[in-house]
Amino acid sequence: MHLALNAEWDTFRWGQITHSPSLLDGIGGFPKTRDDIWEHADLDEVAKECRAQIERAIYWGFDVTHLTSHMATLNLRPDFFDVLLSLAIEFRLPVRLQSRDVISRQGVPYRQMAEAADVVF
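A quick note: this is a predicted structure, and the numbers were derived from the prediction, not measured.

Each value, and the rule that gives it
- Residues numbered from 1 in each chain as written.
- Predicted model: local features only at pLDDT ≥ 70, side-chain atom pairs only at ≥ 80, totals over all residues.
- Heavy atoms only, no water.
- Helix = DSSP H or I, 4+ residues; strand = E, 2+ residues; numbered from the N terminus.
- Rg over C-alpha atoms; globule rule 2.2 N^0.38 Å.
- Buried < 20%, exposed > 50% of the residue type's maximum accessible area, 1.4 Å probe, protein only.
- Contact = heavy atoms within 4.5 Å.
- Expected span 1.5 Å × (residues − 1).
- Salt bridge = Lys/Arg side-chain N within 4 Å of Asp/Glu carboxyl O.
- Polar contact = N/O pair within 3.5 Å; in protein donor to acceptor, adjacent residues only side chain to side chain.

For the rest of this paragraph, the subject is the overall build of the protein chain. Along the backbone of the protein chain there are five helices and two strands. Overall, the protein chain shows an N-to-C arrangement of helices and strands of β-α-α-β-α-α-α. Rg of the C-alpha trace for the protein chain: 14 Å, near the compact-globule value of 14 Å for 121 residues, within the 12% margin. Expressed as a percentage of its 121 residues, the buried residues of the protein chain come to 44%. Considering only residue pairs separated by 6 or more positions, the protein chain has 64% of its internal contacts joining residues 24 or more positions apart.

Written as structure tokens, this is what we have:
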């Protein structure tokens, strides 16, 4: 399950399920950049939207085997990663993360946190 909070393309824009105000850009879709979503998103709305995306995929019959994050938006900031990790635990799904090398340069023990929660992919 590729969780999306960004829509970076000019000609192909997608939006959210929950219509959460802090996740909208000026034209009604997801913001284009990670920085934009990181600066304006309410974390409760982030969790609500990501949960809705997972639940909809399950409802529609998709075999949700793991979680990833579009543009690594949920992977690269501790507060957003907390949302991702919480949902992985809640839905008992592993999280696909960047390589150990990339994570080690970020200064946050993302992989160790996911391993401790038994949800690393």
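This is not the end of the story, as more comes after the structure.
The subject of this paragraph is helix H3 (residues 78-91). Between its terminal C-alpha atoms H3 stretches 20 Å, which fits the 20 Å expected from 14 residues at 1.5 Å a residue. Among all positions of H3, only Phe 80, Phe 81, Val 83, Leu 84, Leu 85, Leu 87 and Ala 88 are buried. Packing partners of the buried residues in H3 comprise strand E1 (2-3), helix H1 (34-40), helix H2 (43-59) and helix H5 (110-116). Two residues or fewer after H3 comes Arg 92, characterised by a positive phi angle close to 55°.

As a further point, take the pattern of salt bridges. Here the structure, examined in full by the defined rule, presents four salt bridges. Close ionic contact of Asp 25 with Arg 13 constitutes a salt bridge, the shortest N to O distance being 2.3 Å. In this pair, Asp 25 is assigned in the loop between E1 and H1 and Arg 13 in the loop between E1 and H1, connecting sequence segments twelve residues apart. Relative accessible area serves as the criterion here: at 19%, Asp 25 is assigned to the buried category. A salt bridge links Asp 79 to Arg 77; the shortest N-O distance between them is 2.6 Å. Given the relative accessible area of 25%, Arg 77 is considered partly exposed.

Tracing the sequence through the fold places Glu 49 in helix H2. By relative accessible area, Glu 49 is classed as buried at 0%. Distance from Glu 49 to Gly 29, taken between C-alpha atoms, is 13 Å for residues 20 residues apart in sequence. Setting aside residues up to four positions removed in sequence, Glu 49 forms contacts with Leu 5, Gln 16, Ile 17, Thr 18, Leu 23 and Phe 30. A distance of 3.0 Å separates a polar side-chain atom of Glu 49 from the backbone nitrogen of Ile 17.

Keep in mind these values describe shape, not function.
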